[in-house]
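Residues per chain are reported as follows:
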Amino acid sequence: MFHFFIPQTKVQKDRAIMRDTDARVAKYSRRGLVLNFIVFVLCLAFGNFEQKEHNTAIVLVTGLLLVTLWRAYFLFRFDALYARAPARWRNQYFLASCIGAAWWSVILVTLTWHLGMENEAMVMWLYSVVFYSSVANVFAPYRHFLIIYLAIGQIPAAITAILLGDAESVLYGCIMLMFFYMLSHQGKVTCNTYWERLEANLALRERAYGLEKERASSQAQMELKNEFLVNLGQEFRSSISDVLTTLSLVDEAQLSEHHRELLTMSTKAAGRQIDLVNNVVDFSKITTKTLILDAVEFDLRRVLEKFVQDYSLDAHQQGVELFYVIDSTIPVRAKGDVARLNQILSTLFNYSLKNPNIEQIFIEAKFNQGQDENGRLEIVISNNIGMVVGSSAVTIDETETHMQGIGLSICKGLTECMGGSLHIREGKNRTHRIFMNVDLQVISHEETRLGAEHKLAGKGVLLVDLPEVNGNALADEMKAWGMNVWITTGQEASVNKLNELMLNKSVDAVLIYTRLINMNGLAISRELVGKKEFADLPQFIAMSNLQSDTPEMRLHLRQYPHIAIIEKPIIRRRLYELVLQKLLFNGSESANQLSRESDSLGNAIMPKVLLVQDHRVEQMVMSAMLKKLGCQVHIVAQGLDAVQILESEHFDILLMDYDMREQESLIATQKIRERERDLLAKHLPIIAVTSSYDDKDQSDCVASGMDDAIAKPIRYEDLEAKLRRWIQND
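The structure displayed is predicted, hence computed values, not measured ones. What you see as residue numbers is a count from 1 along each chain, following the sequence as written. pLDDT decides what is reported in this predicted model: residues at 70 or higher carry local features, side-chain atom pairs at 80 or more are listed and counted, and totals for whole chains, interfaces and linings draw on all residues regardless. To obtain the side-chain values, all non-hydrogen atoms of the structure were used and water was disregarded.

Caption draft 1: Representation of the packing of helix 16 (residues 491–503) against helix 17 (residues 520–530). Geometry is summarised by axes, namely lines fitted to C-alpha atoms with helices restricted to the contacting stretch, and by angles between N-to-C directions that run from 0 to 180 degrees. Here a strand is any run of E in DSSP of at least two residues, a helix any run of H or I of at least four, and the numbering for each starts at the N terminus. The geometry of helix 16 relative to helix 17 is characterised by a closest axis approach of 10 Å and an angle of 35 degrees between their N-to-C directions. Handedness of the helix 16/helix 17 crossing: right-handed. The segment helix 16 lies against helix 17, with Gln 491, Val 495 and Leu 498 engaging Ala 523, Ile 524, Glu 527 and Leu 528. Whether a crossing is left-handed or right-handed is set by the direction in which the near helix is turned from the far one by less than a right angle, anticlockwise for left-handed and clockwise for right-handed. In this analysis, two residues are considered to be in contact whenever any of their non-hydrogen atoms come within 4.5 Å of each other.

Caption draft 2: Spatial organisation of helix 1 (residues 15–46). Between the first and last C-alpha of helix 1 there are 46 Å, a value that for 32 residues agrees with the 46 Å anticipated at 1.5 Å per step. The N-terminus of helix 1 is capped by Asp 14, whose side-chain oxygen sits 3.0 Å from the backbone nitrogen of Ala 16. Any helix carries an expected span of 1.5 Å times its number of residues minus one. Two N or O atoms count as a polar contact when they lie within 3.5 Å, although within protein this holds only if one can serve as hydrogen donor and the other as acceptor, and sequence-adjacent residues are included solely when both atoms are side-chain atoms.

Caption draft 3: Up close: the pattern of salt bridges. Any carboxyl oxygen of Asp or Glu within 4 Å of a side-chain nitrogen of Lys or Arg constitutes a salt bridge here. Applying the stated criterion across every chain yields a total of 16 salt bridges. Across the pair Asp 708 and Lys 722 runs a salt bridge whose closest N-O atoms are separated by 3.0 Å. Of this pair, Asp 708 sits in strand 18 (residues 708–711) while Lys 722 is found in helix 26 (residues 716–727), placing the two residues 14 residues apart along the sequence. The buried label applies to any residue whose accessible area, calculated with a 1.4 Å probe on protein chains only, is under 20% of its type's maximum; exposed applies above 50%, and partly exposed to all values in between. The exposure class of Asp 708 is buried, given its relative accessible area of 9%. In the salt-bridge network here, residues are joined through shared partners; they are Glu 305, Glu 477 and Arg 572.

Caption draft 4: Examining the sheet that holds strand 17 (residues 686–690) more closely. Two strands make a pair as long as DSSP finds a minimum of two bridges between them. One open sheet holds the five strands; their spatial order is 15-14-16-17-18, and the pairing between them is parallel. The open sheet terminates on both sides in strands that have one partner only, identified here as strand 15 (632–636) and strand 18. Averaged over all neighbouring strand pairs, the angle between strand axes comes to 25 degrees, with direction disregarded. Pairing analysis gives four bridges linking strand 14 (residues 608–612) to strand 16 (residues 653–657), with the strands arranged parallel.

Caption draft 5: How the structure looks around the nonpolar core. Formed by 62 residues in total, the largest nonpolar core has its most connected members in Phe 40, Trp 89, Trp 104, Met 124 and Phe 139. The set of elements that each furnish at least two residues to this core consists of helix 1, helix 3 (54–76), helix 4 (78–84), helix 5 (86–115), helix 6 (119–138), helix 7 (143–164) and helix 8 (167–214). Sorting elements by how many residues they give to this core places helix 5 first, with eleven residues. Setting aside chain neighbours within four positions, we find Met 124 in contact with Val 39, Phe 40, Cys 43, Trp 104, Ile 107, Leu 108 and Leu 111. Among buried residues, the Ala, Val, Leu, Ile, Met, Phe, Trp, Tyr and Cys ones that are joined through side-chain atoms within 4.5 Å form a nonpolar core.

Caption draft 6: Region of the structure containing the sheet that holds strand 11 (residues 509–513). An order of 10-9-11-12-13 is seen for the five strands of this open sheet, with the pairing classed as parallel. Pairing within the sheet leaves two strands with one partner each, and these edge strands are strand 10 (484–488) and strand 13 (563–567). The sheet shows a mean angle of 20 degrees between the axes of neighbouring strands, taken without regard to direction. Strand direction decides the pairing type here: strand 9 (residues 460–464) and strand 10, joined by five bridges, are parallel. Among the inter-strand pairings, Gly 460 is bridged to a residue of strand 10, identified as Asn 484. Running over the sheet, helix 17 touches strand 9, strand 11, strand 12 (539–543) and strand 13 and is turned about 155 degrees from strand 11.

Caption draft 7: Representation of the environment of Val 320. For Val 320, the location among the structural elements is in the loop between helix 12 (312–317) and strand 2 (321–326). On the accessibility criterion, Val 320 (2% relative accessible area) is buried. Placed 197 residues apart in sequence, Val 320 and Ile 517 show a C-alpha to C-alpha distance of 9.2 Å. Setting aside anything within four residues of it in sequence, one finds Val 320 in contact with Ala 315, Leu 353, Ile 358, Glu 359, Gln 360, Ile 361 and Leu 516.

Caption draft 8: Region of the structure containing the pairing of strand 7 (residues 421–426). Two strands pair when backbone bridges link them, and strand 6 (residues 399–400) and strand 7 are joined in this way by two bridges, in the antiparallel orientation. What sits directly across from Thr 399, in strand 7, is Glu 426. Of the pairings in the sheet, the one linking strand 7 to strand 8 (residues 432–444) comprises six bridges and is antiparallel in character. Among the inter-strand pairings, Ser 421 is bridged to a residue of strand 8, identified as Asn 437.

Caption draft 9: Structural context of a nonpolar patch on the surface. Two distance rules govern patches: like charges are joined within 9 Å, and nonpolar side chains (Val, Leu, Ile, Met, Phe, Trp, Tyr) within 5 Å, applied only to residues with over 30% relative accessible area and no salt bridge. Where accessible areas are quoted, they stem from the Shrake-Rupley method and a 1.4 Å probe; at the residue level, only the protein chains shown are allowed to cover. Residues Val 34, Ile 38, Leu 42, Phe 46 and Phe 76 make up a contiguous nonpolar surface patch of about 540 Å² in total accessible area. Here the nonpolar patch takes four residues from helix 1, the largest share from any one element. For Phe 76, the position within the fold is in helix 3. Residue Phe 76 is classed as exposed on the basis of its relative accessible area, which comes to 52%.

In structure tokens form, the structure reads like this:
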């Protein structure tokens, strides 16, 4: 008797492994079985074929129903039939599947011959493409059967389309033949990878048993552990990707509150699993000293400011004030692994937030220039209450603490790989200071300092209630812009100081800092606008996004257009631009700027997103995510199409598929950047979407002219974070 599959390797003769493989085939086949029948019936119900060829339609439906019932017998009685004779079940089910593919091919041929490439025939063709794509992955372990199955189901339909003779049909027929070839090749690669992975896992299990039995050396055990972690991590990442993609497309609007909470919990849990897998792979590479660092040029100050701004919401949600000071010695352009640097900083920041007793976090960044072009970036992150900021010296009350958890261990390994070190000094009440340093190559120290054009020379500003940790640094920065700066604390003292300054007409604006624990900034602002002599004085209120989104704050801003919000922690460039708008341009653009800064992605403003993606499934997934985030989405399949559209239409951000053939994404990005330089146009943020998990590919995206990169599978939270980061700060 003919057999579709003959076991040859040790893994293929393992009953447990083969049962898992066949169970997976049966599981996914059940879904496709029912879906095929439903799709065809719907096409007949809503199409014209049934009316034109009534008898033929009945024959096709009847045949499909019989084949479906035959295959369903093997699928829904899998446990009972498989236990008796696994090989016989497999062979009989494959035979039934081939007959099912043949009948499906008859359906496609009949519809194509009678209708051409129109109406329900086109729907069936498109559905067949999607169906066979998923089938190729399910049946991939049985490569020979897969090729036969695909050939029976696709080639007759392709030949029929070609025989129709018109250009469109011939094109679709050729595409179907090419699609068959690609799926066959993909099945071959997936088949080899599948069995090789199982062989590796089986070998690892046998090796683990032998090592445990013989009590092998610790070095051998370490190698085994790392190999196992890498293999296991790849397996988990592949399976969790499907879960994340599916969860991201669920429409929350149709769910109850309870179900919405369950969906959120599931999504976050799957995201944590992906992060855990990534950490496991990193840990394995670090311990075996196989981690490869990327070296790309980047704006070091901008990276640090972006990091502080991106994580400010996490701190503010927990009632923690976030302060930072970036030393003027920080170089403008540096060279190093920026992705790893961000990974270290985010992990350390999250660790600092774990203590429920803290009230503030202070981040201090310095740079020590070496004798050559290299230097050392030093960062101190502290959550000590009542600490003396600006000092990196270790105090007597602090003691060195050991790294706990895989996250900190990875950070320690990464800093050492980057030529630096990581230390944590713990004080009373579980407060601590983190000392981190890494080596970077200095590219350029030159910077066009803000205010160098002296547009604000002679303007006066009063700083109210700024904390000591960074109040003086901000005052020095504004003085460097040519402004006159005064500092005061308290509501009464601020009013008295303003009265004094108004006599000489030496003050042009007031900057009010708002604490997280109260709305002192709003109280001071109300008192100032309530006094006739200060009513029209421009105000800048520094507060968190959570505070600015309160109803009373929004009402206050609508009533007094000359008042603007600056998000905490204060980023110097954003403050400079806001001061210019209010003091030099009479606030003509500030209202729009305020609206852009205070609105989130889901509010009235709908960001326009241009998505460059040539894969239909990924188009569907990403566009669904973007629409769920409240974005207007325009999709093009080619990078050069995006270049043409940008000549006539404005977009807030561009998502570019990095994996397009012949480096089309890089060429398109270069053309966009050249056009911006030639026309002095506004910079358009470009985010690369790459399928590679390799950090080098992500770094290459940034180096090629793109602003950022996001790795597939796309997680909803990651995409939202990228959009918030680049749209709000554009």
